[in-house]
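Topology and contacts: notes
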Amino acid sequence: MYEDRRLRIVVVGSGYVGTTMAASFADLGHQVTAVDIDEDVVEALHAGDAPIHEPGLADLIERHAGGNLEASTVYDSLAGADLVYLAVQTPTDEAGNIDTTALETAARMSGEAIADQPPAERPVIVIKSTVTPPHVETIRAAAAAGAGDETLEVAMNPEFLREGSAVSDFREPDKLVFGTSSQRGDDMLTAAFEPIIEATNPVVIRTDPDTAAMIKYANNAFLAAKISLINDLGNICKEFGIDAYEVADAIGADDRIGEQFLRSGVGWGGSCFPKDVRAIIQAATAAGYRPAVLEAAVAVNAEQPARMLELLDEHVDVEDQRVAVLGLAFKPGTDDVRNSRAIPLIEGLQERGANVVAYDPVASEEMQARIPEIEYAKSAARALDGAVGALIVTAWDEFETLDDAFDAMDRQLVVDGRRVIEPRPGMTYEGLTW
Ligand code: UGA
């Protein structure tokens, strides 16, 4: 029975990935301690509350808090653990380089907490944060220095969770990547994921830590570049009066291309693609190679909002006019506005002197904290009321059924960046790539 193989897992860092992982490991039956320096976060976990919004997560935390899931601000629990996950944020600087200062501190403190144990009894330290291959050694060295053991190993187990479906993605992964440098490390990671491996039989990739780190970047860079490529092709389609979605359906039927991530439009945002693509470009450039395709992927993505605004300009001068922005979250199903395409669009409208009125079913408050000076409407219908144009930025389902709400516009002009609106009689409709 699995109960016999219950592990003691410590997760350092209770951000988005750390919390999801801690609660999910607890749900698999492991004894988990979430360690975070933020007392509020630890308090919330103690109380059984989720510090972040993610479907299914609150339920897991409530169920396991005080049982399989404990929380602490100190590193004491590391000494008795089998596995220690480092899931600390790695912010980016202006140029796009990742800043591993906090992660290095966590690694060093983890090393210190296990320094007194005989090497064979120490927990296996695993990097979960996204770091470039050269940084794997930086983090390992920090942990080794803390432990006073230059030979200390650190494993890499990258994460492929999507915001909005992180809990189910954890439960049913396509693949697991175990980057280790010892059999013990591999055995420990295998034991941690055993219930998932048994239940869903994902592909398990066993490799070294640097390759595991690269797989994470290659995965996100490939997906981001795939979207930029379909956007590039979509822009060509628009010039020729061709529907890029019809083209995408056809090429997606080729197994070598695949049908997913071919939705062209205003581009990719969020906390992962923009950060990771820039970070791997920076790391590659520092190593002496400039990745031309990835640079182009970033450039195409940066241009899509401007193309949307150009389409608006073709029909109306928005100065002193009311313009609705529908959708502020970087994708549907989340209130996260980090790198949302709505930000450059709102800025572009402000530069044109427009009166921007924005609406999102869940992300208005988040955007208001960043851009307080525009109007936020309580519904899409209210945002559209009196507007001379509307930009569709996030593919929320509710935008598909706005119908009569468009009648209240001063001018029924819609520029759709996500292909969610069905054009109706009397509406001037521009699709970004169709
Ligand atoms: C992404 C990856 O999909 C995850 O596998 C990965 O673990 C995660 O980054 C991470 O590194 O943590 P996420 O940022 O949650 O996950 O969002 P996605 O669902 O991948 O969407 C990213 C962006 O691409 C969104 O702005 C979305 O609107 C856009 N997108 C996606 C398109 O423009 N077209 C598409 O066809 C698909």
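For the structure itself, consult the block above.
Scope of this entry: the structure provided in the associated data block. (Residues numbered from 1 in each chain as written. Predicted model: local features only at pLDDT ≥ 70, side-chain atom pairs only at ≥ 80, totals over all residues. Heavy atoms only, no water.)

Below, the discussion takes up the sheet that holds strand 14 (residues 428-431). The parallel open sheet is built from six strands, whose spatial order is 11-10-9-12-13-14. Because the sheet does not close on itself, it has two edges, and the strands there are strand 11 (375-376) and strand 14. The pairing of strand 9 (residues 322-326) with strand 10 (residues 355-359) spans five bridges and is parallel. Within the sheet, the bridge partner assigned to A324 lies in strand 10 and is V357. (Pairing = 2+ DSSP bridges. Helix = DSSP H or I, 4+ residues; strand = E, 2+ residues; numbered from the N terminus.)

Moving on: the nonpolar core. Where a protein is soluble and globular, its nonpolar side chains tend to be buried together. The biggest cluster of nonpolar side chains holds 55 residues, and the ones touching the most others in it are L326 and F399. For this core, the elements supplying multiple residues, two or more each, are helix 11 (292-313), strand 9, helix 12 (342-351), strand 10, helix 14 (380-384), strand 12 (389-392) and strand 13 (413-416). Here this core takes five residues from helix 12, the largest share from any one element. With 42 residues, the next largest nonpolar core counts V35, I127, A144 and F273 among its residues. (Core = buried A, V, L, I, M, F, W, Y, C linked by side-chain atoms within 4.5 Å. Buried < 20%, exposed > 50% of the residue type's maximum accessible area, 1.4 Å probe, protein only.)

What follows is about the packing of aromatic side chains. Counted according to the given criterion, the structure contains nine aromatic pairs. When the ring of F25 is compared with that of F170, the centres are 5.2 Å apart and the planes differ by 90°; the resulting orientation is edge-to-face. With F25 in helix 1 (residues 16-27) and F170 in helix 6 (residues 166-171), the pair connects residues that are 145 residues apart, well separated along the chain. Judged by centre distance (6.2 Å) and plane angle (65°), the rings of Y359 and F399 are edge-to-face. Of the two residues, Y359 is situated in strand 10 and F399 in the loop between strand 12 and strand 13; the sequence distance between them amounts to 40 residues. No difference in accessibility class separates Y359 from F399, as the two residues are buried. Ring pairs connect the aromatic residues F25, Y85, F170, F178 and F193, which therefore count as one cluster. Just above the ring of F160 sits the side chain of K175; from NZ or CZ to the centre is 4.2 Å. (Phe/Tyr/Trp six-rings, centres within 6.5 Å; stacked < 30°, edge-to-face > 60°. Lys NZ or Arg CZ within 6 Å of the ring centre and 35° of its normal.)

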